[in-house]
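Close look at the chain arrangement
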Number of protein chains: 2
Amino acid sequence: MRPKIPSAGNVTVLERLRDAGLRPTRQRLALAKLLFARGHRHVSAEQLFNEAKAQRVDVSLATVYNALHDFTSKDLLREISIDSSSSYFDTNTGDHHHFYFEQSGRLEDIAAHQVSIAALPAPPGGAKISRVDVIVRLKG
Amino acid sequence: MRPKIPSAGNVTVLERLRDAGLRPTRQRLALAKLLFARGHRHVSAEQLFNEAKAQRVDVSLATVYNALHDFTSKDLLREISIDSSSSYFDTNTGDHHHFYFEQSGRLEDIAAHQVSIAALPAPPGGAKISRVDVIVRLKG
DNA sequence: CAAGAAGATTAGAATTATTCTAAGTTGTTG
DNA sequence: CAACAACTTAGAATAATTCTAATCTTCTTG
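In this text the structure is predicted, and so the values were computed from the model without any measurement. (Residues numbered from 1 in each chain as written. Chains lettered and ligands numbered in written order. Predicted model: local features only at pLDDT ≥ 70, side-chain atom pairs only at ≥ 80, totals over all residues. Heavy atoms only, no water.)

1. Topic: helix α3 (residues 45–54) of chain B
Helical geometry note: an α-helix holds 3.6 residues per turn, so side chains three or four residues apart project in the same direction. All names here are of chain B. To keep it simple, the criterion reads: Relative accessibility under 20% of the residue-type maximum defines a buried residue, over 50% an exposed one, and the middle range a partly exposed one, all with a 1.4 Å probe and only protein chains included. Strands are runs of DSSP state E lasting at least two residues, helices are runs of H or I lasting at least four, and both sets are numbered from the N terminus onward. The directions considered for the arc are those from the helix axis to the C-beta atoms.
Taken residue by residue, α3 has Ala45, Leu48, Phe49 and Ala52 as its buried positions. Around the axis of α3, the buried residues are gathered within 100° of arc, so they sit on the same side. Two residues or fewer after α3 comes Arg56, characterised by a positive phi angle close to 55°.

Here you go:
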C-alpha cells in the first residue's frame, strides 16, 4: 500500500526541476517523468519524443532537444556519444561506465566500483580531468 | 642520407593497400599518403578532404568517406566517435586510449601501457569484448 | 491578482555530417 | 589487351540536430 499523496511522482519531479533552477513547465515535467519515473535509462531524443507522443503528451521535437540539453547542463542527465549517428542521454549521472552492444546499439551501465583503473598518465599541459569514460564494446 | 629508391613513400603505401586487399587507386594512394606519411593522426573526413584539396589531389568527398571506411574495415584505421557531431579516424590501430580536450575537440593518444584496468565485470550474456575504450576527458 | 519581463515552446526552415544513386572510369586477371 | 569487377563521382537524399522568429507561460513585483 502506497501512501495516498496525490500525484507524488509529479511533486518529486517538480522539485527536481526547481532545485536545478529550471522552470517546471508542463512539457519539462512530462519529459522528466518519462525519464526519471523508474530506474536508470539511456534514451535518444527521438525515443523520448516517441514515448511522449505515445502518452499523448504534446511536445515538439525541438522541445525534447531543448529539455535534454537543459537537463544535461543542470546535471540531471549525462550525454553519451558512442555511435556517431545519434547521442544518448543517461539518467544515471553518477560515476559509472558502460557496456556497449555493437550489434544492437544498446548501452548497459557498469557500476563504478566494478571497474578499477589502476594507473593513468598525468593530463598534458596540466589540464584537469573532467571525467574518465570506460566503454566496453561487446561483439555479441 | 636516405637510399635513393624513387618514391619510396608511394611503394610502402601501395603495399599497405595491396596487403589489405584494397585496390591501390590514385585517390586511395593519395589519401593513404596523407594519412600515413608520418606519425599517428586523428582526422575527420572533412579535414582529410581539405588536405587533399590543398595538395591539388582531386578527390570527391564521397571518395574520402569511402576510403576512410574501407581503410577502417581493413584495420588500417580505427573510427572514434566521442563528440556526436562528427567522427574521427585514428591512424593508430593498436591498443591505446585517448585524452579528449573538451574545449578544442582535440584527441591525443595514451599508450596502452600507461593505463591499467585492474578489474572489469564479465560481459552480460556471455558476450565477447571487442575492445575497451578509455577516454579521459579534459577540461582545459 | 494584474502586468510585464524573462523564459519556454513551437512549426517549420536551415544546417551539418554522412550515405546513396546511377553513370562513368580504372585496375586486375586471364 | 579484353572483360569485368571494383572504384570514383556529382549531386540528390537522408538523418540528426539546431535555428528562427512568433507565440505562449511562468514568475515576479506592486
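Having seen the structure, we can now continue with the description.
2. A look at the protein's contact with DNA strand D
Selection rule: Think of it this way: one heavy atom of a residue within 4 Å of a molecule or strand is enough to make that residue near it. Two N or O atoms form a polar contact when they lie within 3.5 Å of each other; inside protein one atom must be a possible hydrogen donor and the other a possible acceptor, and for residues adjacent in sequence the pair counts only when both atoms belong to side chains. Note that Gly is not counted as nonpolar here; it falls among the polar residues with everything else outside the nonpolar set of Ala, Val, Leu, Ile, Met, Phe, Trp, Tyr, Cys and Pro and the charged set of Asp, Glu, Lys and Arg.
In the neighbourhood of DNA strand D, 20 residues make up the surrounding shell, with Tyr65(A), His69(A), Thr25(B), Arg28(B) and Thr63(B) lying closest. What you see for DNA strand D is that sugar and phosphate hold 82% of its atoms within 4 Å of the protein. Taking Ser60(B), its main chain carries an N or O atom lying 3.1 Å from a phosphate oxygen of DNA strand D. Secondary-structure elements contributing two or more residues to the surface near DNA strand D are α4 (61–73) of chain A together with α2 (26–36) and α4 (61–73) of chain B. A per-element tally of the surface near DNA strand D places α4(A) first, with 4 residues. Considered class by class, the residues forming the surface near DNA strand D number 6 nonpolar, 9 polar and 5 charged.

3. Some details on the interface of chain A and chain B
Just so we agree on the cut-off: Only heavy atoms matter for contacts: two residues are in contact if any of them lie within 4.5 Å across the pair. What gets called buried area is simply the loss in accessible area from a 1.4 Å probe that two parts show on being joined, summed for both. By salt bridge we mean one thing: a side-chain nitrogen of Lys or Arg within 4 Å of a carboxyl oxygen of Asp or Glu.
Contacts between the two partners involve 36 residues from chain A and, on the opposite side, 35 residues from chain B. When chain A packs against chain B, close to 2900 Å² is buried across both sides, 60% of that on carbon and sulfur atoms. Along the contact surface separating chain A from chain B lie 2 salt bridges. The interface formed by chain A and chain B holds 20 residue pairs in polar contact (both at pLDDT 80 or more) in total. Going through the elements one at a time, β4 (96–101), β5 (107–111), β6 (116–119) and β7 (129–138) of chain A are the ones with two or more residues in the side of chain A that touches chain B. The biggest single contributor to the side of chain A that touches chain B is β7(A), with 10 residues. Each residue belonging to the side of chain A that touches chain B can be placed in one class, and the counts come to 20 nonpolar, 7 polar and 9 charged.

4. As for the relation of the copies chain A and chain B
Spelled out, the test is: In this comparison the copies share one frame, found by least squares on the C-alpha atoms of residues holding pLDDT of at least 70 in both.
Once chain A has been moved 0.0 Å along the axis and rotated by 180°, it coincides with chain B to within an RMSD of 0.1 Å. Both chain copies can therefore be described as sitting about a two-fold axis. Mapped onto chain B, 97% of the interface residues of chain A again fall at the interface, so both copies present the same surface.

5. Observations concerning the protein's contact with DNA strand C
Taken together, 20 residues are adjacent to DNA strand C, and Thr25(A), Thr63(A), Arg18(B), Tyr65(B) and His69(B) come closest. Backbone sugar and phosphate groups make up 81% of those atoms of DNA strand C lying within 4 Å of the protein. At a separation of 3.4 Å, a sugar or linking oxygen of DNA strand C approaches a polar side-chain atom of Gln27(A). A distance of 2.4 Å separates a phosphate oxygen of DNA strand C from a polar atom in the side chain of Tyr65(B). Elements with a minimum of two residues in the surface near DNA strand C: α2 (26–36) and α4 of chain A together with α4 of chain B. A per-element tally of the surface near DNA strand C places α4(B) first, with 4 residues. Classifying every residue of the surface near DNA strand C gives 6 nonpolar, 9 polar and 5 charged.

In short, geometric facts, not functional conclusions.
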